[in-house]
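One letter stands for each residue in the lines below.
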Amino acid sequence: MTIEALKELFAQSGLKFTNQRYLVYKAMVEARDHPSAETVWRRVRGEAPALSLDTVYRTLAALEARGLVTRVPSGGDEGRFDGDVGPHHHLVCLRCGCIEDFTMPGAGLADLPPTVAAWGRVRDAQVLVRGVCRKCLGQNDNTQPH
Ligand SMILES: [Zn+2]
Ligand SMILES: [Zn+2]
């Protein structure tokens, strides 16, 4: 995404374009690992030494409020963010904390049961699969996931 396209996107979202916001958003769009605010901060710090962790938190919250990033409900203590706001689902490892994407046809909004429509208005829906990833299982073969 070019800087010009990004400026346009920010303007449409009612967000003032700043270099710090640009760097945080760029890091989010490039990330595939659903980073925490602290991870984003470490990645961006090289290009913006004056950027504080607090600003990264506030920038992510502003981007989230405008639908430019989403928060992954991983269940961990640390908030994890996703620069890919397209419909997809998540695999969360409870041991190493890695979060991977997956897509599942037949798990879209049109497939929700009538009880959901009766409950209220749905914005989005995602499946969260939690367990122990293959990599972690390989490190300790006698541990079975529960
Ligand atoms: Zn793992
Ligand atoms: Zn994702």
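Conventions and cut-offs
Every chain is numbered on its own, with residues counted from 1 as its sequence reads. Note on labels: chains are lettered from A, ligands numbered from 1, in written order. Local features are withheld for residues below a pLDDT of 70 in this predicted model, meaning they are given only at 70 or higher, and side-chain atom pairs are given and counted only at 80 or more; totals for whole chains, interfaces and linings count all residues. Side-chain numbers here rest on the full set of heavy atoms in the structure, without hydrogens or water. Metal donors: N, O and S atoms at distances within 2.8 Å, or within 3.2 Å for Na, K and Ca, with water omitted from the atom set so that some sites may seem incomplete. Under the classification used here, a metal with four donors is tetrahedral if each angle lies between 85 and 135 degrees, square planar if opposite donors are over 155 degrees apart and the others between 65 and 115, a six-donor metal meeting that same test is octahedral, and anything else is irregular. To sort residues, take the accessible area from a 1.4 Å probe on protein chains only and compare it with the maximum for the residue type: under 20% means buried, over 50% means exposed, and anything in between is partly exposed. A cavity here means a set of points on a 1 Å grid, drawn over the protein atoms and nothing else, where a 1.4 Å probe fits but cannot get out; a pocket is an open set with protein on both sides within 12 Å along at least five of seven lines, and a residue lines either one if it has an atom within 4 Å of a point. Grid points are joined across faces, edges and corners, and a volume is the space filled by probe spheres set on the points. Each helix is a run of H or I in the DSSP string that is no shorter than four residues. Each strand is a run of E no shorter than two, and both are numbered from the N terminus. Ten residue types, Ala, Val, Leu, Ile, Met, Phe, Trp, Tyr, Cys and Pro, are classed as nonpolar, four, Asp, Glu, Lys and Arg, as charged, and the remainder, Gly among them, as polar. Where each domain begins and ends follows an automated or database-derived domain assignment.

Here the focus is the coordination of the zinc ion (ligand 1). Taken together, Cys 93 (SG), Cys 96 (SG), Cys 133 (SG) and Cys 136 (SG) make up the protein donors of the zinc ion (ligand 1), found 2.3 Å from the metal. Bound by 4 donor atoms, the zinc ion (ligand 1) shows angles of 105 to 118 degrees at the metal and therefore tetrahedral coordination geometry. Sequence spacing of the donor residues for the zinc ion (ligand 1), all on one chain, is C-x2-C-x36-C-x2-C. Exposure remark for Cys 136: the relative accessible area of 4% places this residue in the buried category.

Empty space within the largest pocket amounts to approximately 460 Å³. In terms of lining, the largest pocket is formed by 22 residues, of which the most central are Thr 70, Val 85, Gly 86, Asp 124 and Gln 126. Taken together, the elements giving at least two residues each to the lining of the largest pocket come down to β1 (70-72) and β3 (89-93). Across the lining of the largest pocket, the residue classes tally to 7 nonpolar, 9 polar and 6 charged. Counting the residues that make up the lining of the largest pocket, at least three belong to each of domain 1 (1-83) and domain 2 (87-146). Its volume calculated, the second largest pocket comes out at about 200 Å³. Taken together, Leu 91, Val 92, Cys 93, Cys 98, Glu 100, Val 129, Arg 130, Gly 131, Val 132, Cys 133, Arg 134 and Lys 135 form the lining of the second largest pocket.

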